[in-house]
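One letter stands for each residue in the lines below.
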Amino acid sequence: MAPRSLLRRLVALTACGLICGTALAQSLPATLRIVVPFPAGGTADILPRLVAEKLRPNHPAGVVIENRSGAGGNIGADVVYRADPDGGTLLASPPGPIAINHHLYPRLGFDPTRWVPVTVLATVPNVLAVSPKLPVTSVAELIAYLKAHPGKVSYASQGNGSTSHLTANLFMNLTGTQMVHVPYKGTAPALVDLIGGQVDVFFDNLSSSAAHHRAGKLRILAVADEARSQALPEVPTFVESGLKDMQAVTWFAVVAPPGTPDPVVRAHHQAMSAALAQPDVKQKFAEQGADARGWSPEQAARFIRTESDKWHQVIKTANVKVE
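So, here's what we can say about the structure. (Residues numbered from 1 in each chain as written. Predicted model: local features only at pLDDT ≥ 70, side-chain atom pairs only at ≥ 80, totals over all residues. Heavy atoms only, no water.)

### Here we look at the overall build of the protein chain
Here is step 1 of the chain: Looking only at helices and strands, the protein chain features 11 helices and 10 strands.
Here is step 2 of the chain: Whereas a compact globule of 323 residues would reach a radius of gyration of roughly 20 Å, the protein chain reaches 22 Å, a difference of no more than 12%.
Here is step 3 of the chain: Residues counted as buried form 50% of the 323 residues belonging to the protein chain.
Here is step 4 of the chain: Excluding contacts between residues fewer than 6 apart, the proportion of contacts in the protein chain whose partners are at least 24 apart in sequence is 76%.
Here is step 5 of the chain: Of the roughly 14600 Å² of accessible surface on the protein chain, 55% is carried by carbon and sulfur atoms. (Helix = DSSP H or I, 4+ residues; strand = E, 2+ residues; numbered from the N terminus. Rg over C-alpha atoms; globule rule 2.2 N^0.38 Å. Buried < 20%, exposed > 50% of the residue type's maximum accessible area, 1.4 Å probe, protein only. Contact = heavy atoms within 4.5 Å. Areas by Shrake-Rupley, 256 points an atom, 1.4 Å probe, with all protein chains shown as cover.)

What follows is the structure, given as structure tokens:
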């Protein structure tokens, strides 16, 4: 390429970058409030905070993470649903209030089918963790043990209708087994009792259980994802263990209130996707056992619909209800 042609191209690319950057800035609000409908300190809170740090230059008046927990995420979700659809308030959440709770609760103050997806921040595979007191070392051994001791084995969950609860029901549906449900208020107390042997089984997310597995405090028998996790390469998938339909991931998405304009949604996605592509963010996500995604609004919408349909079927089959 001739020097003059190269110079013209560089000038054009620079101008495009400035115009695109200006368009992005004009579409984004001065202040951004990201509501997390769960308590501070968990994965659902940590991941949006990591992204928020990278978003601050786009919002001169600041980025605020607001924890509004309660009712399986419904309280915080309701706050965002009723916010002005100007892009100034977003919901960052696991599946519950985005794709599952309307199949569980008889009444909600919002309609999850009207969320405007921005992106999926990350996915975290669920894992099958068992107490070290349970005499099994593989999925096949667990299934055989459950069939030999029907109704004698207990499983923990993060609460009625949580992903751990539904994943356990998916497992029982696929294997023709039965366990006794012991719901907890969150992951931490469930893990304490699993390690202590008060409960036998817990379908947890990888990020919470991996360190305890490495320390020998519990055993992870399988990963509910398409491929093995880089964090635990020695642990097989359920597919490798003979259960091809046993796939369940916890995911964390960002959605906007109904009616949010498309240019605003796309500007948010562009900013978040750029943040998620940065090596330090990817590394910090990986430390949480999470795979950074940054999917487009269209990809996120398709994924959310698929997940909603999948868990709706599990809820119907197992007759799971939350009052």
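Moving on from the model shown.
### What to know about the packing of aromatic side chains
Here is step 1 of the chain: If you walk through the whole model with that rule in mind, you get 7 aromatic pairs.
Here is step 2 of the chain: When the ring of phenylalanine 171 is compared with that of phenylalanine 203, the centres are 5.4 Å apart and the planes differ by 45°; the resulting orientation is tilted. Separated by 32 residues along the polypeptide, phenylalanine 171 in helix H6 (residues 163-175) and phenylalanine 203 in strand E7 (residues 201-205) bring together distant segments of the chain.
Here is step 3 of the chain: Consider the rings of phenylalanine 171 and phenylalanine 238, whose centres lie 6.3 Å apart with planes at 55°: the pair is tilted. Taken together, the residues phenylalanine 171 in helix H6 and phenylalanine 238 in the loop between strand E8 (219-223) and strand E9 (249-256) connect sequence positions 67 residues apart. Phenylalanine 238 matches phenylalanine 171 in its accessibility class, with the two residues each being buried. (Phe/Tyr/Trp six-rings, centres within 6.5 Å; stacked < 30°, edge-to-face > 60°.)

### Thoughts on the pattern of salt bridges
In a structure, side chains of opposite charge can pair up when their charged atoms sit close to one another.
Here is step 1 of the chain: Taken as a whole and assessed by the stated rule, the structure comprises 11 salt bridges.
Here is step 2 of the chain: Between aspartate 45 and arginine 49 there is a salt bridge; the shortest N-O distance is 2.9 Å. Highlighted residues: aspartate 45 and arginine 49, both in helix H2 (residues 43-55), separated by 4 residues, approximately one helical turn.
Here is step 3 of the chain: In this structure arginine 49 comes out as partly exposed when scored by relative accessible area, which is 33%. (Salt bridge = Lys/Arg side-chain N within 4 Å of Asp/Glu carboxyl O.)

### Brief notes about the environment of histidine 149
Here is step 1 of the chain: By the secondary structure assignment, histidine 149 is in the loop between helix H5 (139-148) and strand E5 (154-157).
Here is step 2 of the chain: The partly exposed category is assigned to histidine 149, whose relative accessible area is 31%.

### Some thoughts on the pairing of strand E3 (residues 89-93)
Taken residue by residue, a regular strand's side chains alternate between the two faces of the sheet.
Here is step 1 of the chain: Of all 5 residues making up E3, 5 are buried, and the element is well covered by its neighbours.
Here is step 2 of the chain: Residues Thr89, Leu91 and Ser93 of E3 are buried on one face, and the alternating residues Leu90 and Ala92, pointing to the opposite face, are buried as well.
Here is step 3 of the chain: Two elements, strand E1 (residues 31-36) and E3, share 3 bridges in a ladder whose sense is parallel. Paired with valine 35 across the strands is leucine 91, a residue of E3. (Pairing = 2+ DSSP bridges.)

### Concerning the pairing of E5
Here is step 1 of the chain: Side chains of E5 alternate between two faces, with Ser154 and Ala156 and Tyr155 and Ser157 buried alike.
Here is step 2 of the chain: Of the strand pairs in this sheet, E5 and strand E6 (residues 180-183) are connected by 4 bridges, and their pairing is parallel. Bridge pairing links serine 157 to proline 183 in E6.
Here is step 3 of the chain: Each parallel crossover has a hand, and for E5 linked through H6 to E6 it is right-handed.
Here is step 4 of the chain: Summarising the sheet, E5 and E7 pair through 2 bridges and their orientation is parallel. Across the sheet, the residue bridging to alanine 156 is phenylalanine 202, located in E7. (Right-handed = clockwise from strand over helix to strand, strands pointing away.)

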